[in-house]
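Letter by letter, the chains look like this.
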Amino acid sequence: MVQIDTPAQTLATQHHDFAVNSLYGKCMALASNIWWSWHPEVVNIFRDLDPIRWRQLDHNPIALLREFTPERLESRATEMVLYSRINHAFRQLKDYVANGRKTWGATNAGVLGAHPVAYFSAEFGIHESIPIYSGGLGVLSGDHIKSASGLGVPLVAIGLYYNQGYFRQRLDDNGYQVEEYLDTQVENLPCQQVLDAHGNELRISMDTRTGPVMARVWLVNVGRVRLYLLDCDVEGNRPEDRSLTSRLYGGDERTRIRQELVLGVGGVKALKAIGISPGVLHLNEGHSGFAPLEAIREMMEEDGHSFEEALRDVAQKTVFTTHTPVPAGHDRFSADLVEEHLGPLREQLGLSHEDFMDFGRVSPKNHEESFCMTVLGLKMSRRANAVSSLHGHVSRRMWSGLYPWRSEEEIPIGHITNGVHIPSWLAFQMQQLYDRYFPADWMKRMGESEVWQTIHTIEPGELFETHNALKNLMLSFVRRRLSRQSRRRGENDDAVEHARNLLDPSVLTIGFARRFATYKRAGLIMNDLDRLSALVNDPNRPVQFIFSGKAHPKDEPGKELIQQIANLRHDDRFRNRIVFIEDYDINVCRHLIQGVDVWLNNPRRPLEASGTSGQKVVLNGGLNLSVLDGWWAEAYDGTNGFAIGKGSTHVSDEIGDDRDYRYLFDTLERQVVPLYYDHDIDGLPQRWVEMMMNSIGSLAWRFSAHRMVMDYTRAGYVPAAGGLSCDM
Ligand SMILES: *Cc1c(COP(=O)(O)O)cnc(C)c1O
């Protein structure tokens, strides 16, 4: 068994050159638990140490501290009067990590105490300085484990360590996306290597027909939650396998199934080697669908169960979450790839190749059908869920072929709508405003409706002022980025200076930032450039747009959309009204969602399973303008934001797109713009602020990750672990 270290001991093993109780040691301890990232007062300590390097280093506190000697840190701390702030933060972290007993989880998830939830995900978006995520799925996983930590729900997480992560984006002179992969230095990340009982690197090995694949394991502390990341860059692996986990969603199908072998099978093996015996397996999306197979093998070996008995027991404790509403979006593998990688495990399970393949097929014995990870997930779990109410309907219809004897309503796929980790996305200024009005313990009760009703007691002018202060901060971030982009393109000083003054704080500001997958239709507003120009250049009621987002490296149409939007800067009508920020990540997202007036979301319904960026906007007082898809279909009540269209889906994409375009402009011209510019004599848009309050009061708690994790605990984890049952 492996010794689980406390955060302070963790550091002692990683950086030997300082005493844990020194000032330097305390700072390193803070930097080594991602807990710091959702505590603005701790973030500010790191920033105050060196504001310029802090920004240049992607807000990475370990990289920052490694540039300091303990002596220089002491003198800087004296200069900035940081001693008591550091001591206070260090004590708070220690108390937090030690004190899981008085939490919601201790009361409501006691059954998980000895056997925690094992939460599997291919990506975790925890902070911009840890590049092991690409988009919404990763950020959701990160938010899930942060809320599990906050609530004290016993949970460990398993993912992959990508030393190049996802690509960094820049646009070339033609506005075309260029991808760059940077090597991450693990010394600069809060990763501690997991060792075996002899103090050697813990090694996990997976058999395939073509030889073993090995992985080592890193531990990242996310508050009270331990996140284990498997990394194939180890000596002894073949060269192709040393880079197996270097990139997220890179490579071909073979890379993909090998990564998924490591995540699922390797993940279960790693937990066992570490001495954790999970009571629940939560598969977040099909990527980790192989995990239950290894759990079954273990059970057969240890308890002498038959495959059928072990399958029943493992399925009972497995929760599967599906995120993909399009059939083409689900991982599928050929029989050859499956046999090469799962063949040895299959034999240990005592299954024939065809019987094994059937676990990934909708129609058993259909040799034409490839092996689908979502089908596997559904067959390996007793509890399965989609991520919004509408997505639940779509998923039940999509997988009805798996349950031919059931009507659609009886298909066993429920839904738990996604939510966001409030402390990670709420602006500090807004939090301070809430602190003044909300019940004192509101941060512990973020998932409760009553807490948020207090929003209606806030002075409207104060709420709007706070929002405008945040909008200004966001605009200065955007201008900084725009001038940097201009400088990088090699433009002259005038152009760089001009970029520093783009956009106007008094103008209604609409944000659109997310992956540039075509179904999200980032280009919808550009259907008619004359109408767009009339909208943004209205002399009395102008509008401006901020865009950001990456297209998948292989997504040509997505890249062309980026190009069209970015190149609007060459058109005088749009230069000062529509901008594109390169290299969308958690940092860009946080800045935008904290400062926009309106967040635009116009996917092709019903392809947005949930969407979460709009939920982040709610917390900070921005309003959603969205197609009634994903979370918004169940969130919109007529008073808490704006709807595009009536929540219908046209069978023809072309006609549907055209119709949604007209709905979008009608809503903008007739509702959004007039409401924003309808000021009272004091200059306050009263009805707008009222809508802000309705949005915050009705949505913040419902679409919080705290509410989401409480739902998973009550409807998924506790019953799966053998506790009291409750429906999804
Ligand atoms: C929240 C978030 C997303 C999810 O945005 P959607 O609008 O739900 O697609 C994607 N990327 C990043 C970096 C995020 O922070």
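This report concerns the structure included in the present document. A quick note: this is a predicted structure, and the numbers were derived from the prediction, not measured.

A closer look at the overall build of the protein
Scanning the protein from terminus to terminus reveals 30 helices and 20 strands. Compactness check: the protein gives a C-alpha radius of gyration of 25 Å against a globular reference of 27 Å for 728 residues, within 12% of the reference. Each of the three principal axes of the protein carries a C-alpha extent, and together these read 80 × 65 × 50 Å. Evaluated residue by residue, the protein yields a buried proportion of 60% over its 728 residues.

What to know about the site of the ligand
Inspection of the region around the ligand gives 14 residues, with Lys520, Gly611, Thr612, Ser613 and Lys616 positioned closest. Here threonine 612 contributes a backbone N or O atom positioned 2.7 Å from an oxygen atom of the ligand. Contacts to the ligand include serine 613, whose side-chain N or O atom sits 2.5 Å from an oxygen atom. Summarising the interface, the protein chains cover 96% of the accessible area of the ligand, which totals 380 Å² for the free molecule. Going through the elements one at a time, helix H9 (136–151), helix H25 (586–595) and helix H26 (613–619) are the ones with two or more residues in the shell around the ligand. Considered class by class, the residues forming the shell around the ligand number five nonpolar, five polar and four charged.

Considerations on the sheet that holds strand S17 (residues 578–581)
A sheet is described by the order of its strands in space; here six strands give the open sequence S17-S16-S15-S18-S19-S20, paired in parallel fashion. The sheet is open, and its two edges are formed by S17 and strand S20 (642–644), each paired on a single side. Neighbour to neighbour, the strand axes of the sheet diverge by 20° on average, direction disregarded. One ladder, built from four bridges, connects strand S18 (residues 598–601) with strand S19 (residues 623–627); its direction is parallel. Pairing of asparagine 601 across the sheet is with serine 626, part of S19.

Some points on the packing of helix H2 (residues 23–31) against helix H6 (residues 70–79)
For any two helices packed against each other, the geometry is given by the interaxial angle and the distance between the axes. Where H2 contacts H6, the axes come no closer than 9 Å and their chain directions differ by 90°. The angle between the axes of H2 and H6 places the two elements in the roughly perpendicular class. Contact with H2, carried on its side by Leu23, Tyr24 and Cys27, involves Pro70, Leu73, Glu74 and Ala77 of H6 and no other residues of that element. Here the residues of the contact of H2 with H6 sort into six nonpolar, no polar and one charged.

Structural notes on the nonpolar core
Counting residues in each nonpolar core, the largest one holds 137 residues, and the members touching the most others are Phe46 and Tyr717. Top contributing element to this core by residue count: helix H11 (residues 253–274), with nine residues. Look past the residues within four positions of tyrosine 717 in its chain and what remains in contact with it is Leu112, Val117, Tyr119, His144, Val153, Leu155, Val280, His282, Val319 and Tyr712. Within the second largest apolar cluster, 99 residues are counted, among which are Met474, Val478, Tyr584 and Met692.

Focus on the pairing of strand S4 (residues 177–180)
Direction of pairing for strand S3 (residues 168–171) relative to S4: antiparallel, over a ladder of four bridges. Directly across from arginine 168, in S4, lies its bridge partner glutamate 180. What sits between S3 and S4 in their antiparallel hairpin is a turn of five residues, with glycine 175 showing a positive phi close to 80°.

Remarks on the environment of threonine 518
Secondary-structure assignment places threonine 518 in the loop between strand S15 (508–513) and helix H23 (529–536). When the C-alpha atoms of threonine 518 and proline 603 are compared, they prove to be 8.5 Å apart, with 85 residues separating the residues in sequence. Here threonine 518 is in contact with Asp555, Pro557 and Gly558, once residues within four sequence places are set aside.

Considering a positive patch on the surface
On the surface, Arg47, Arg55, Arg480, Arg484 and Arg487 cluster together into a patch of positive charge. Looking at which element gives the most residues to the positive patch, the answer is helix H21 (residues 460–488), with three residues. Structurally, the position occupied by arginine 47 is in helix H3 (residues 40–49). For arginine 47, a relative accessible area of 36% corresponds to the partly exposed category.

Criteria and cut-off values
Residues numbered from 1 in each chain as written. Predicted model: local features only at pLDDT ≥ 70, side-chain atom pairs only at ≥ 80, totals over all residues. Heavy atoms only, no water. Helix = DSSP H or I, 4+ residues; strand = E, 2+ residues; numbered from the N terminus. Rg over C-alpha atoms; globule rule 2.2 N^0.38 Å. Buried < 20%, exposed > 50% of the residue type's maximum accessible area, 1.4 Å probe, protein only. Near = heavy atom within 4 Å. Polar contact = N/O pair within 3.5 Å; in protein donor to acceptor, adjacent residues only side chain to side chain. Areas by Shrake-Rupley, 256 points an atom, 1.4 Å probe, with all protein chains shown as cover. Nonpolar A, V, L, I, M, F, W, Y, C, P; charged D, E, K, R; others polar. Pairing = 2+ DSSP bridges. Axes fitted to C-alpha atoms, helices over the stretch in contact; angles between N-to-C directions. Parallel < 35°, antiparallel > 145°, perpendicular 65-115°, else oblique. Contact = heavy atoms within 4.5 Å. Core = buried A, V, L, I, M, F, W, Y, C linked by side-chain atoms within 4.5 Å. Patch = residues over 30% accessible without salt bridge, like charges linked within 9 Å, V, L, I, M, F, W, Y side chains within 5 Å. Salt bridge = Lys/Arg side-chain N within 4 Å of Asp/Glu carboxyl O. Lys, Arg positive; Asp, Glu negative; His and termini not counted. Charge placed at Lys NZ, Arg CZ, Asp CG, Glu CD.

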